Amino acid sequence: MKDDNFLREMNARHLWHPMGHPGEAHQNAPKIIKSAQGVEITDIDGHSVVDAVGGLWCVNLGYSNDAIKQAISDQLWKLPYYSAFAGTSNPPAIEASYAVQEFFAEDGMVRAFFTSGGSDSVETALRLSRQYHRLRGEPTRTKFLSLKKGYHGTHFGGASVNGNNRFRITYEPLLPGCFHLPSPYTYRNPFGAIDPELLAQKIAAAAVDEIEFQDPSTIAAFIMEPIQGAGGVIVPDASFMKLMREICDKYGILMISDEVITGFGRSGDWSGARHWGVKPDMMTCAKGITSGYFPVGATLLSEKVADVFENAGPEGAIWHGYTYSAHPVGAAAVVACLSETLRLDTKTNAAARGTQLYDGVCRLAEKYDIIGDVRGGHGLMTGIEIVSDRDAKTPMDAATMKRIHQTAYEAGAMVRLGAHNILMSPPLTITEDEVNRILSALDAGFAAA
Ligand code: PLP
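Each chain carries its own residue numbering, running from 1 in the direction its sequence is written. Local features in this predicted model are restricted to residues whose pLDDT is 70 or higher, and side-chain atom pairs enter the listing and the counts only when it is 80 or higher, whereas totals over whole chains, interfaces and linings include all residues. The basis for every side-chain value is the complete set of non-hydrogen atoms in the structure, without hydrogens or water.

Going by what an unreviewed UniProt entry lists, the protein chain is known as Adenosylmethionine-8-amino-7-oxononanoate aminotransferase and is assigned to Roseovarius litoreus. UniProt positions are given in the numbering used here, feature names are shortened, and annotations may be inferred rather than shown by experiment. If you open the UniProt record of the protein chain and go to Cofactor (unreviewed entry), you find "pyridoxal 5'-phosphate".

**Details of the packing of helix α14 (residues 398–410) against helix α15 (residues 432–448)**
Here, axes are lines fitted to C-alpha atoms. For helices the fit covers the stretch in contact, and angles between N-to-C directions go from 0 to 180 degrees. For helices the rule is a DSSP run of H or I covering at least 4 residues; for strands it is a run of E covering at least 2, with both sets numbered from the N terminus onward. Viewed as axis vectors pointing N to C, α14 and α15 meet at an angle of 140 degrees, and their least axial separation amounts to 7 Å. Classified by the angle between their axes, α14 and α15 sit oblique to one another. The hand of the α14/α15 crossing is right-handed. Note on element contacts: α15 touches α14 through Ala441, Ala444, Gly445, Phe446 and Ala448, opposite Arg403, Ile404, Thr407 and Ala408. When an angle is under 35 degrees it counts as roughly parallel; over 145 it counts as roughly antiparallel; between 65 and 115 it counts as roughly perpendicular; any other value is oblique. Throughout, a crossing is termed right-handed when the near helix is turned clockwise from the far one, and left-handed when it is turned anticlockwise from it by less than a right angle. Any two residues whose heavy atoms approach within 4.5 Å are treated as being in contact.

**What to know about empty space enclosed by the protein**
Using a grid of 1 Å spacing that covers the protein atoms alone, one calls a set of points a cavity when a 1.4 Å probe fits there but cannot get out, and a pocket when the set is open and has protein on both sides within 12 Å along at least five of seven lines; lining residues are those with an atom within 4 Å of a point. Grid points are joined across faces, edges and corners, and a volume is the space filled by probe spheres set on the points. Under the defined criterion, the tally for this structure stands at one cavity of 30 Å³ or more. By volume, the largest cavity is sized at about 30 Å³. Pro184, Thr186, Pro196, Leu199, Ala200, Val235, Pro236 and Asp237 are the residues that line the largest cavity. In terms of residue class, the lining of the largest cavity is made up of six nonpolar, one polar and one charged. Here the nonpolar group is Ala, Val, Leu, Ile, Met, Phe, Trp, Tyr, Cys and Pro; Asp, Glu, Lys and Arg are the charged ones; every other residue, Gly included, is treated as polar.

**Notes on helix α5 (residues 91–103)**
Turn by turn, an α-helix covers 3.6 residues, leaving residues three or four places apart pointing in a common direction. What a helix is expected to span follows from its residue count: subtract one and scale by 1.5 Å. Here α5 spans 19 Å end to end across 13 residues, near enough to the 18 Å set by a 1.5 Å rise per residue. Along α5, the residues classified as buried are Pro92, Ala93, Ala96, Ala99, Val100 and Phe103. Axial view of α5: buried residues confined to an arc of 125 degrees, hence all on one face. With respect to the buried face of α5, the exposed residues turned more than 90 degrees away are Pro91 and Tyr98. The cut-offs for exposure are 20% and 50% of the maximum accessible area for each residue type, with area from a 1.4 Å probe on protein chains only; residues under the lower value are buried, those over the upper are exposed, and the others partly exposed. This arc describes the spread of directions from the helix axis toward the C-beta atoms.

**Observations regarding the site of the ligand**
One heavy atom within 4 Å of a molecule or strand makes the whole residue count as near it. The ligand sits among Gly117, Gly118, Ser119, Tyr151, His152, Gly153, Glu225, Asp258, Val260, Ile261 and Lys287. Two N or O atoms form a polar contact when they lie within 3.5 Å of each other; inside protein one atom must be a possible hydrogen donor and the other a possible acceptor, and for residues adjacent in sequence the pair counts only when both atoms belong to side chains. Within the side chain of Ser119, an N or O atom sits 2.6 Å from an oxygen atom of the ligand. Taking Tyr151, its main chain carries an N or O atom lying 3.4 Å from a nitrogen atom of the ligand. Per-residue accessibility takes into account occlusion by the displayed protein chains alone, with areas from the Shrake-Rupley method and a 1.4 Å probe. Protein coverage of the free-state accessible area of the ligand, which is 390 Å², stands at 81%. Grouping the constituent residues of the shell around the ligand by class yields three nonpolar, five polar and three charged.

**Side note on the sheet that holds strand β14 (residues 413–414)**
Pairing between the strands of a sheet is mediated by backbone hydrogen bonds and can be parallel or antiparallel. Taking strand neighbours across the sheet as the criterion, the four strands line up as β1-β2-β3-β14 in an open arrangement whose pairing is mixed. Of all strands in the sheet, those with a lone pairing partner are β1 (33–37) and β14, marking the two edges. Should DSSP find at least two bridges between two strands, the strands are taken to pair. In the sheet, strand β3 (residues 48–51) pairs with β14 via two bridges, with the strands oriented parallel. Considered in β14, the bridge of Val50 is made with Ala413. α15 contacts β2 (40–43), β3 and β14 of the sheet and is inclined by roughly 105 degrees relative to β3.

**Looking at the domain arrangement of the protein chain**
Residue ranges for the domains originate in an automatic or database domain assignment. The domains assigned to the protein chain are domain 1 (31–61 + 345–448) and domain 2 (68–343). Counting residues at the interface gives 33 residues for domain 1 and 35 residues for domain 2. In total, about 2,700 Å² of surface goes out of reach between domain 1 and domain 2, with carbon and sulfur atoms giving 56% of it. In the sections that follow, a salt bridge refers to a side-chain nitrogen of Lys or Arg positioned within 4 Å of a carboxyl oxygen of Asp or Glu. Connecting domain 1 to domain 2 are one salt bridge. Salt-bridge contacts for Glu385 lead to Arg188; the nearest nitrogen and oxygen are separated by 2.7 Å. Counting across the domain 1 and domain 2 interface gives 17 residue pairs in polar contact (both at pLDDT 80 or more). Of all the elements in the fold, those that place two or more residues in the side of domain 1 that touches domain 2 are α3 (54–57), α13 (346–367), β11 (371–375), β12 (382–389) and β16 (421–424). Grouping the amino acids of the side of domain 1 that touches domain 2 by side-chain chemistry returns 16 nonpolar, 11 polar and six charged. Buried area: the accessible surface (1.4 Å probe) lost by two parts on joining, summed over both.

**A few points about the pairing of strand β7 (residues 219–224)**
Burial runs high along β7: six of the six residues are buried. Sheet topology note: the strand β5 (residues 143–147)/β7 ladder contains three bridges and is parallel. Residue pairing in the sheet places Leu145 in a bridge with Phe222 of β7. Judged from the four bridges that link them, β7 and strand β8 (residues 254–258) form a sheet pairing that is parallel. By the bridge assignment for β8, Phe222 is matched with Met255. For the handedness criterion, the strands are oriented away from the viewer, and a crossover whose path from the first strand over the helix to the second runs clockwise is classed as right-handed. The parallel pair β7 and β8 is bridged by helix α9 (residues 240–251), and the resulting crossover is right-handed.

**Concerning the layout of surface pockets**
There is about 720 Å³ of room inside the second largest pocket. Taken together, 24 residues line the second largest pocket, and the ones lying closest to its centre are Ala84, Ala86, Ala112, Phe113 and Ile318. At four residues, the largest contribution of residues to the lining of the second largest pocket is made by strand β4 (residues 109–115). Residue composition of the lining of the second largest pocket, by class: 16 nonpolar, six polar and two charged.

**Side note on the nonpolar core**
Ile386, Ile422, Met424, Leu442 and Phe446 are the most contacted members of the largest nonpolar core, which totals 31 residues. When contributions to this core are tallied by element, the ones reaching two or more residues are α13, β11, β12, α14, β16 and α15. Examining the composition of this core, we find that six residues originate from one element, α15, more than from any other. Setting aside residues no more than four positions away along its own chain, Phe446 makes contact with Leu364, Tyr368, Ile370, Ile371, Ile384, Ile386, Ile404 and Ile422. By nonpolar core we mean a set of buried residues, namely Ala, Val, Leu, Ile, Met, Phe, Trp, Tyr and Cys, connected to one another through side-chain atoms within 4.5 Å.

**Remarks on a nonpolar patch on the surface**
Residues Tyr81, Tyr82 and Tyr324 make up a contiguous nonpolar surface patch of roughly 330 Å² in combined accessible area. Judged by its relative accessible area of 47%, Tyr82 falls in the partly exposed class. For patch building, the residue pool is restricted to those with more than 30% relative accessible area and no salt bridge; the joining distance is 9 Å between like charges and 5 Å between nonpolar side chains (Val, Leu, Ile, Met, Phe, Trp, Tyr).

Given below as structure tokens:
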């Protein structure tokens, strides 16, 4: 094993990190995580903290799930890889497709197309939605609608429907024909400080206006996260997704529910759409599908969509896929992870511990003026918006955000910084005591600010 200084130096010299400045490693050494147990991660200095990020919204079952580890290991010895392109299949992929479909049967999903992660799943959904309309004799339906503040990954398709300029502008020109509606973000929105239900109606009205303006016969799909995650844990009013479903139905637009974060229990139910009583036409998932133990994603299709492909002539063929689609080791991880997810009934713990975390942060908001807004209350997704002036809602400066983050880390919890937000999505297996440890580390972080 190389010594720690060597690791730091090689990191600074050779490793480029996603979503960061490649020069930053020289100035601001990253925390190098060397091991993890339960919900705790340990860095190379031996400092252990509760991982309130869950890796990256993904380690739903914590770091010590032996069943997933064993399934991966066993499969590696049986069949480490074989392609699942048409003409070949493998037993774990078949089992995984059944397991996933069974999980989301209540949402109307009947088919699974496996990918290597969330961005792939979104790309797949966008491409298949264009093909769906083409197969139905409507090839002009090529445009996409989405929400500001939404995050749908970093492929060109996903970046085009992303609703945060930071992920878009540097890489323009993106996909033409992508339009963004306001986010159901009550704290800041173009309509002023209004009640969430009224905000939902305003956005729905804006959607109708935009669809009419674009011409409904040009729009393929609308994609949204049931709860916006990376955008700051933005929870819409309970009416919002239903209103959007009605609009999609009226205009023949497919609805894609991006469940990469919300799927598999994180939102306190098995899917986010289920919270809002909505059945989407397609779902995209990743992350919790393997609890992060292996890179896998899936695009799920409803019967309405699947039928069109399956009953079409040769043009129903899908000329899309990945070398690692339905990877046998990944699929074995999916089967084990979903079976464990059901056995542990993580959605129930996510709902209870999510309420504890949300209530605890609300109590901190009474103590610290820098907390402008607390969002969550649906499972283990909590966002805290930090401001330097509560009345003016002035976003907190980056240096103070970093201080809060570092102090919380030293006090026992890894949280995630998103601009002037603190985002939390710990493993769904977390205990009451461990949630209290996160809250006291946050308390220390806010005190330092
Ligand atoms: N969609 C949503 C809602 C996400 O949160 C993410 C990642 O955080 C993605 C898509 C992209 O997933 P990945 O990073 O696995 O490509």
